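Chain by chain, the residues run as shown.
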Amino acid sequence: MDEKKPYPRGDLGATAVKSTRAGKAPKVLVIDTGGTNIKLLATGQKEPRKFPSGPTMTAGKMVREVKECVRDWKFDRVSLGYPGPIINGHPLREPHNLGGGWMRFNFSKAFGCPVKILNDAAMQALGSYKGGRMLFLGLGTGLGSAMIANGMLEPMELAHLTYKNGRTYEDYLGLRGLERMGKKKWRVHVAKIAKTLKAALEADYVVLGGGNSKKLKKPPAGTRIGSNENAFLGGFRMWEK
């Protein structure tokens with residue numbers, strides 16, 4: 001994203017894509033692609049839909065299942081949140097927790113309309129942003145991360161950096177870490193890592209999103225809990241001018 005001013009706050013659905021630009025607002029389908037579920041919401045719809053993903057979910061299968069799931073919805077744009085790094089609008093590598101075939105897949109051709117692809121953590125960060133310097137950490141199957149500094153979005157890949165004992169940040173904060181350590185120890189590491197990264201990146205605040213953020217009893221100091229719905233809001237914001 002090359003937006004040079006802070007992204008505005010907004011609501012989900014139709015209001016999220018209405019800005020001050022002239023002309024008819026696009027009807028956007030937002031696809032939030034996770035390692036456990038793929039979640040969907042379109043302009044004007046009030047309730048998201050979802051279906052299971054997992055290691056057999058290839059790019060082609062995802063498109064087929066999305067089309068079937070939203071066959072009664074109308075849309076002319078797609079925002080795709082992808083669980084991995086994006087370079088020049090395309091996945092840089094295959095996802096860790098899904099099937100293959102994503103890197104060279106032609107999503108615009110498959111959906112028959114323009115498609116914008118953004119790292120899934122960056123998309124949720126975009127919907128969570130409220131100004132200043134924000135670090136976003138997505139606590140899901142893996143660990144997503146993104147930074148927005150004064151309106152400039154910078155997707156990050158912190159998950160696979162070494163943290164301790166030869167393990168990565170994702171090994172501690174992702175689902176594997178949660179299951180290995182249990183919630184009590186996992187929460188300790190969430191707080192510790194959030195504090196360390198906040199200081200290292202000089203963030204004003206940290207937003208903890210992703211499906212497992214709800215397992216935190218309370219937000220650690222210097223953080224706030226984000227809503228998973230912010231991924232949809234971020235997807236709508238991708239088409240704002």
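Residues numbered from 1 in each chain as written. Predicted model: local features only at pLDDT ≥ 70, side-chain atom pairs only at ≥ 80, totals over all residues. Heavy atoms only, no water.

### A short note on the sheet that holds strand β13 (residues 205-209)
For step 1, the next point in the chain: Ordered in space as β10-β9-β8-β13-β14, the 5 strands form an open sheet in which the pairing is mixed. In the strand order of this sheet, the two ends are held by β10 (152-156) and β14 (223-225), each with one partner. Direction aside, neighbouring strands of the sheet carry axes that sit 20° apart on average.
For step 2, the next point in the chain: In this sheet, β14 lies alongside β13 in parallel orientation, the contact comprising 3 bridges. In the sheet register, V207 faces β14, and the bridge partner there is R224.
For step 3, the next point in the chain: In this fold helix α4 (residues 120-128) packs onto β8 (133-139), β9 (143-149), β10, β13 and β14, with an angle of close to 45° to the strand it touches most, β9.
For step 4, the next point in the chain: Against the sheet, helix α7 (residues 183-200) touches β8, β13 and β14, its axis set at about 155° to β8. (Pairing = 2+ DSSP bridges. Helix = DSSP H or I, 4+ residues; strand = E, 2+ residues; numbered from the N terminus. Axes fitted to C-alpha atoms, helices over the stretch in contact; angles between N-to-C directions. Contact = heavy atoms within 4.5 Å.)

### Quick look at the state of the cysteines
For step 1, the next point in the chain: Under the criterion given, the structure shown has 0 disulfides.
For step 2, the next point in the chain: With no disulfide partner, C69 has as its closest neighbouring cysteine sulfur the one in C113, 16 Å distant.
For step 3, the next point in the chain: C113 gets classed as buried once you look at its relative accessible area, which sits at 11%. (Disulfide = S-S within 2.5 Å. Buried < 20%, exposed > 50% of the residue type's maximum accessible area, 1.4 Å probe, protein only.)

### Some thoughts on the side chain of N212
For step 1, the next point in the chain: With respect to the element layout, N212 can be found in the loop between β13 and β14.
For step 2, the next point in the chain: A distance of 3.4 Å separates a polar atom in the side chain of N212 from the backbone oxygen of G140. (Polar contact = N/O pair within 3.5 Å; in protein donor to acceptor, adjacent residues only side chain to side chain.)

### Some remarks on the pattern of salt bridges
For step 1, the next point in the chain: Under the defined criterion, the tally for this structure stands at 7 salt bridges.
For step 2, the next point in the chain: As a salt-bridge pair, D72 and R49 come within 2.8 Å of each other at their nearest N and O atoms. With D72 in the loop between α2 (59-69) and β4 (77-82) and R49 in strand β3 (residues 49-52), the pair connects residues that are 23 residues apart, well separated along the chain.
For step 3, the next point in the chain: When its relative accessible area of 52% is taken as the criterion, D72 is described as exposed.
For step 4, the next point in the chain: Taking the relative accessible area as the measure of exposure, R49 reaches 28% and is therefore partly exposed.
For step 5, the next point in the chain: The partner of R176 in a salt bridge is E170, and the shortest N-O contact between them spans 3.5 Å.
For step 6, the next point in the chain: Owing to a relative accessible area of 41%, R176 belongs among the partly exposed residues under this scheme.
For step 7, the next point in the chain: The buried category is assigned to E170, whose relative accessible area is 8%.
For step 8, the next point in the chain: One connected set of salt bridges, linked through shared partners, spans E170, D171 and R176. (Salt bridge = Lys/Arg side-chain N within 4 Å of Asp/Glu carboxyl O.)

### A word on the confidence of the model for the protein
For step 1, the next point in the chain: Confidence in the prediction for the protein averages 89 pLDDT; 90% of positions are at 70 or higher.
For step 2, the next point in the chain: When the elements of the protein are averaged for pLDDT, helix α1 (residues 14-17) gives the smallest value, 38, and α2 the largest, 98.
For step 3, the next point in the chain: Here residues 1-22 is modelled with pLDDT under 50, and outside its nearest four sequence neighbours on either side it reaches 51 contacts, counting other chains as well. (pLDDT = per-residue confidence, 0-100.)

### Examining α2
For step 1, the next point in the chain: Where α2 is concerned, the buried positions are A59, G60, M62, V63 and V66. The buried residues of α2 occupy an angular sector of 160° when the element is viewed end-on, so they sit on one face.
For step 2, the next point in the chain: Buried positions along α2 lie against β1 (28-33), β2 (37-42), β3, β4 and α3 (107-111). (Arc of directions from axis to C-beta.)

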